[in-house]
There are 2 protein chains.
Amino acid sequence: MTKVGILGGGQLGRMLLECAGQFPVETYVLENDENCPAHNLCHHFFKGDIRDFETVYSFGKKLDCITIEIEQVNVEALEKLEAEGIRVIPKPSVLKIIRNKIAQKQFYKDHDIPSPDFIITQSRAALKEHINFLPAVHKIGIGGYDGKGVQLLKSQEDITLGFDAPSVLEKMADIDKEIAIMVAVNDNGDTAIFPPVEMIFDPALNLLDYQICPATIASSVIEKATAITKRLVKKFSSPGVFAVELFVDKSGEVLVNETAPRVHNSGHHSIEAISTSQFQMVWQVLLNLPLGSTQLIQPSLMVNIVGAEGHSGPVYYRGLEKLSENPTVFVHLYGKALTKPGRKMGHVTALLNDMTNCTTTAHWIKSTLRAETNPKEK
Amino acid sequence: MTKVGILGGGQLGRMLLECAGQFPVETYVLENDENCPAHNLCHHFFKGDIRDFETVYSFGKKLDCITIEIEQVNVEALEKLEAEGIRVIPKPSVLKIIRNKIAQKQFYKDHDIPSPDFIITQSRAALKEHINFLPAVHKIGIGGYDGKGVQLLKSQEDITLGFDAPSVLEKMADIDKEIAIMVAVNDNGDTAIFPPVEMIFDPALNLLDYQICPATIASSVIEKATAITKRLVKKFSSPGVFAVELFVDKSGEVLVNETAPRVHNSGHHSIEAISTSQFQMVWQVLLNLPLGSTQLIQPSLMVNIVGAEGHSGPVYYRGLEKLSENPTVFVHLYGKALTKPGRKMGHVTALLNDMTNCTTTAHWIKSTLRAETNPKEK
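Please read these numbers as outputs of a predicted model, since none were measured by experiment. (Residues numbered from 1 in each chain as written. Chains lettered and ligands numbered in written order. Predicted model: local features only at pLDDT ≥ 70, side-chain atom pairs only at ≥ 80, totals over all residues.)

Along chain A, the regular secondary structure elements total 10 helices and 21 strands. Whereas a compact globule of 378 residues would reach a radius of gyration of roughly 21 Å, chain A reaches 21 Å, a difference of no more than 12%. A principal-axis box enclosing the C-alpha atoms of chain A has dimensions of 55 × 55 × 45 Å. Sorting the 378 residues of chain A into buried and exposed places 48% on the buried side. The contacts of chain A with a sequence gap of at least 6 include a subset with a gap of at least 24, amounting to 62%. (Helix = DSSP H or I, 4+ residues; strand = E, 2+ residues; numbered from the N terminus. Rg over C-alpha atoms; globule rule 2.2 N^0.38 Å. Buried ≥ 20, exposed ≤ 12 C-beta atoms within 10 Å, placed from the backbone. Contact = placed C-beta atoms within 7 Å.)

Written out as structure tokens, the structure is:
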């Protein structure tokens, strides 16, 4: 049995552990929250701060292999573990680049990876010098996660919303579509590229509504996006599973938005819709097994189930019985005891025969399965 | 969250827990062996004897619902829990019938369920009176499991191999095929019947070689087997997931061999090959959700991976990398640290385009993935 540790115990860790039974591994999780989604699915749970050097180092030194499910970890400890012969995936050198938005943008620039133009700002005050660069997106260098640490600055009036810390100010691309490509890289640098996923936004709310796979983009754009993704992960020089988020602009150009050096929300459909899921692929990379097939089994859509507005407390999944009847709909709950508005509580993947009724199906799922509280629940 | 307990922590419990993330449940396991396959996948593990009244009762009384993954449990404790309002599935009344082979056979007889003729024997000595009934299969009344407690008695000379305890002596059927049908039953008595599975025996060794789904039997036989299965579970008057093992004799008659009131080895392919797996179906029954679809996704075969001869000790899965390359092959390991000859260590399901190369594929899997020990392993 290979001893594998995961830094972080959220839903990504949970879904990694849900398929660990396919591999000869003994699993360890480090996470501060004992009620986290991954707690009950690992062999060994350690409560501790993944950002603390000593905690991560002492957790890691008893392992054969260590990986992450969130970037905000102590990279120095991972570097020391790597130097001492522990297999660290992705490499700490990549984590250092990616978890700092400034370093990440600079890396794209240095390696000719197309990405929106940017300016580095050290403080909120410095934004005043770049009024002409707006509209732009201000992204905090370190510590942003899951929508936090990102602020759209449309014009001068929005400058007060900017971050008073080292950040990047990124030119708004003239976006036609947002897509994401998952890619697995093994020790030899071989890649397995997943079919592109397309994010569908609610035009009224300007929020992610659902995502579909495959993306409905021209094959020439897919080729371009795939080539950029391959070139990017080659530059990272690290095995791992990566999620590359890309913009397709109105002229058909492809620009890298951001990269995550781990499994990602945009790859959840792969559990049902792709031969090898993003989660299985992580174990295959960690154990240096051949990369699995990324063949599309069936088109799909995926919706996040987030805590309903006006409901905070012990979760009750209203409507679950209605989804159970449908053989093409797959529910994943993250085992979080408490819901609050907007909290990611689960996701649902639907396998589709064609893409014609995507929005109807996505909205049916979202309106049917609701993460609420129920006063009658014990 | 519904608090659900499982009595037993083997691979069946493990696979139940691997898909529990699709349901709003908090999971409890009672099992004597702390190194059991299910230990690391439940919320709460309790070490204890599932055959002991007090242990089972005190485990169960804090739960909303309790089920089993093995029949050899304390039924009296389950009866008391049921009387006190805990949801017990399957009902203790069914467990009492099924876990005693004598009561099970008598139940078939009393309810006109076709099954091979039998004689009840109280001791080994009593077998002498039934020489003319041979060849027959001697099955111990209580305590048999997984091939143990079953003995073929071909002729008078074999009588010394019989059991010196209350047993059934069952007439050897003139077997053409052995099939199994999984069926889920909900609170209303509605059933969801899985497509029949066929056991393929090695003609030289007379041992189960692999199993396929769907079974290659005439549709009239399928109809007969399905009707018997439905009638049988209706007589049980209990929600649950049941595995009914049947003989098809050379005249095309269908006879019930045995029933298991739980998920079963013959349903493992359902994880990949059927819309709703046998394991998901258990949660749907426990939570009284609508029964899922049992639609066949793709024909499949399933082989058990058992500990290789001549290898006892920490397991090493030789050949795992070769199966990883194949997108139609799905490996499930049971997380057992130690292998020994014949121990069930995992299983592999292969999805097939047709049934023509079943034996070749099954033998390729069995010869490729080997549960061995490796002196170089730490």
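From this point on, the discussion continues.
This paragraph deals with the pairing of strand β7 (residues 136–140) of chain B. Residue and element names in this part refer to chain B. Across the five residues that make up β7, a large majority, four, are buried. Pairing of β7 with strand β8 (residues 150–153) involves four bridges; the strand directions are antiparallel. Paired with alanine 136 across the two strands is leucine 153, which belongs to β8. Alignment of β7 against strand β9 (residues 167–171), held across five bridges, turns out to be antiparallel. When the sheet's bridge partners are listed, alanine 136 is paired in β9 with lysine 171. (Pairing = 2+ DSSP bridges.)

Before going further, it helps to spend a moment on the domain arrangement of chain A. As a measure of interface size, the accessible area lost when the parts come together is often cited. Residue and element names in this part refer to chain A. Domain assignment breaks chain A into domain 1 (2–88), domain 2 (117–171) and domain 3 (175–373). Taken together, the contact pairs 19 residues of domain 1 with 15 residues of domain 3. Elements supplying a minimum of two residues to the side of domain 1 that touches domain 3: β1 (2–7), α1 (11–18) and β4 (65–68). If one sorts the elements of the side of domain 1 that touches domain 3 by residue count, α1 sits on top with five residues. Per-class residue counts for the side of domain 1 that touches domain 3 are 11 nonpolar, five polar and three charged. (Domains from an automatic or database assignment. Nonpolar A, V, L, I, M, F, W, Y, C, P; charged D, E, K, R; others polar.)

Residues and elements named next belong to chain A. With antiparallel pairing, four strands are arranged side by side in an open sheet as β6-β9-β7-β8. Of all strands in the sheet, those with a lone pairing partner are β6 (118–121) and β8 (150–153), marking the two edges. For this sheet the average axis-to-axis angle between neighbouring strands, irrespective of direction, equals 25°. Where β6 meets strand β9 (residues 167–171), four bridges bridge the pair, whose relative direction is antiparallel. Considered in β9, the bridge of isoleucine 119 is made with leucine 169. Contacting β6, β7 (136–140) and β9, helix α5 (residues 101–110) crosses the sheet at an angle of about 45° to β9. (Axes fitted to C-alpha atoms, helices over the stretch in contact; angles between N-to-C directions.)

Here we come to the pairing of strand β15 (residues 254–260) of chain A. Residue and element names in this part refer to chain A. The element β15 is largely enclosed, with a buried count of five among its seven residues. Note that strand β14 (residues 240–249) and β15 share six bridges and pair antiparallel. Within β15, the residue paired with valine 244 across the bridge is threonine 259. Here β14 folds back onto β15, and the loop between the two strands holds four residues, one of which, glycine 252, carries a positive phi near 85°.

Right, let's talk about helix α6 (residues 219–236) of chain A for a bit. Residue and element names in this part refer to chain A. End to end, α6 covers 26 Å across 18 residues, agreeing with the expected 26 Å (1.5 Å per residue, within 8%). Listed in full, the buried residues belonging to α6 are Ala225, Thr226, Ile228, Thr229, Leu232, Val233 and Phe236. When α6 is viewed along its axis, its buried side chains cluster within an angular range of 165° and face the same direction. Exposed and oriented more than 90 degrees from the buried face of α6 are Ser219, Ser220, Glu223, Ala227 and Lys234. Following α6 by one or two positions, serine 237 adopts a phi angle in the positive range, close to 50°. (Expected span 1.5 Å × (residues − 1). Arc of directions from axis to C-beta.)

Bringing unusual backbone geometry into the picture now. Cis geometry marks the peptide bond from A:Ile89 to A:Pro90, where omega comes out at 0°. Inspection of the secondary structure assignment puts A:Pro90 in the loop between β5 (87–88) and α4 (92–98). In this model, B:Leu134 is joined to B:Pro135 through a cis peptide bond whose omega is 0°. Position of B:Pro135 among the secondary structure elements: in the loop between β6 (118–121) and β7. In this structure, A:Asn288 takes a positive phi of about 55° despite not being glycine. Considering the arrangement of structural elements, one finds A:Asn288 in the loop between α8 (278–286) and β16 (300–306). The phi dihedral of B:Asp112 falls on the positive side, at around 55°, and the residue is not glycine.

Our next topic: the relation of the copies chain A and chain B. Least-squares fitting of chain A to chain B yields an RMSD of 0.0 Å, with the superposition described by an axial translation of 0.0 Å and a rotation of 180°. The relationship between the two copies is best expressed as a two-fold rotation axis. Taking the C-alpha atom as reference, chain A places A:Leu41 closest to the rotation axis, 2.1 Å from it. Mapped onto chain B, 100% of the interface residues of chain A again fall at the interface, so both copies present the same surface. (Least-squares fit on C-alpha atoms with pLDDT ≥ 70 in both.)

Attention now moves to helix α2 (residues 53–60) of chain B. Within the span of α2(B), buried status applies to B:Val56, B:Phe59 and B:Gly60. Seen end-on, α2(B) carries its buried residues on one side only, within an arc spanning 90°.

We now examine the sheet that holds strand β5 (residues 87–88) of chain B. All names here are of chain B. Judged by pairing direction, the sheet is parallel, and its five strands sit side by side in the order β3-β2-β1-β4-β5 without closing on themselves. Only two strands of the sheet have a single neighbouring strand rather than two, namely β3 (44–47) and β5. Bridge count for strand β1 (residues 2–7) against strand β4 (residues 65–68) is four bridges, and the pairing is parallel. Among the inter-strand pairings, valine 4 is bridged to a residue of β4, identified as cysteine 65.

All names here are of chain B. Between α2 and helix α3 (residues 75–83), the least distance of the axes is 8 Å, while the angle of their chain directions is 30°. Classified by the angle their axes make, α2 and α3 are roughly parallel. In the crossing of α2 with α3, the sense of the turn from one axis to the other is right-handed. Taken together, the residues of α3 that come into contact with α2 (itself represented by Phe53, Val56, Tyr57 and Gly60) are Glu76, Ala77, Leu78, Lys80 and Leu81. In terms of residue class, the contact of α2 with α3 is built from six nonpolar, one polar and two charged. (Parallel < 35°, antiparallel > 145°, perpendicular 65-115°, else oblique. Left-handed = near helix turned anticlockwise from the far one by under 90°.)

In this complex, chain A contributes 30 residues to the contact, which on the side of chain B involves 30 residues. For the side of chain A that touches chain B, the elements supplying multiple residues, two or more each, are α1, α9 (320–324) and β18 (329–333) of chain A. Tallied by class, residues from the side of chain A that touches chain B come to 13 nonpolar, 13 polar and four charged.

Ranked by internal contacts, the top residues of the largest apolar core, which has 200 residues, are A:Val183, A:Leu246, B:Val183 and B:Leu246. Apart from the residues lying within four places of it in its own chain, the contact partners of B:Val183 are B:Thr191, B:Ala192, B:Ile193, B:Phe194, B:Thr229, B:Val233, B:Phe242 and B:Val244. (Core = buried A, V, L, I, M, F, W, Y, C linked by C-beta atoms within 7 Å.)

The topology assignment puts B:Tyr108 in helix α5 (residues 101–110). Ignoring sequence-local partners within four residues, the contact set of B:Tyr108 consists of B:Ile113, B:Ser115 and B:Val256.

Below, the discussion takes up the environment of A:Val88. Residues and elements named next belong to chain A. Structurally, valine 88 is set in strand β5. Overall, the presence of 29 C-beta atoms within 10 Å leaves valine 88 in the buried class. Ignoring anything within four residues of it in the chain, the contact list for valine 88 reads Ile66, Leu78, Leu81 and Glu82.

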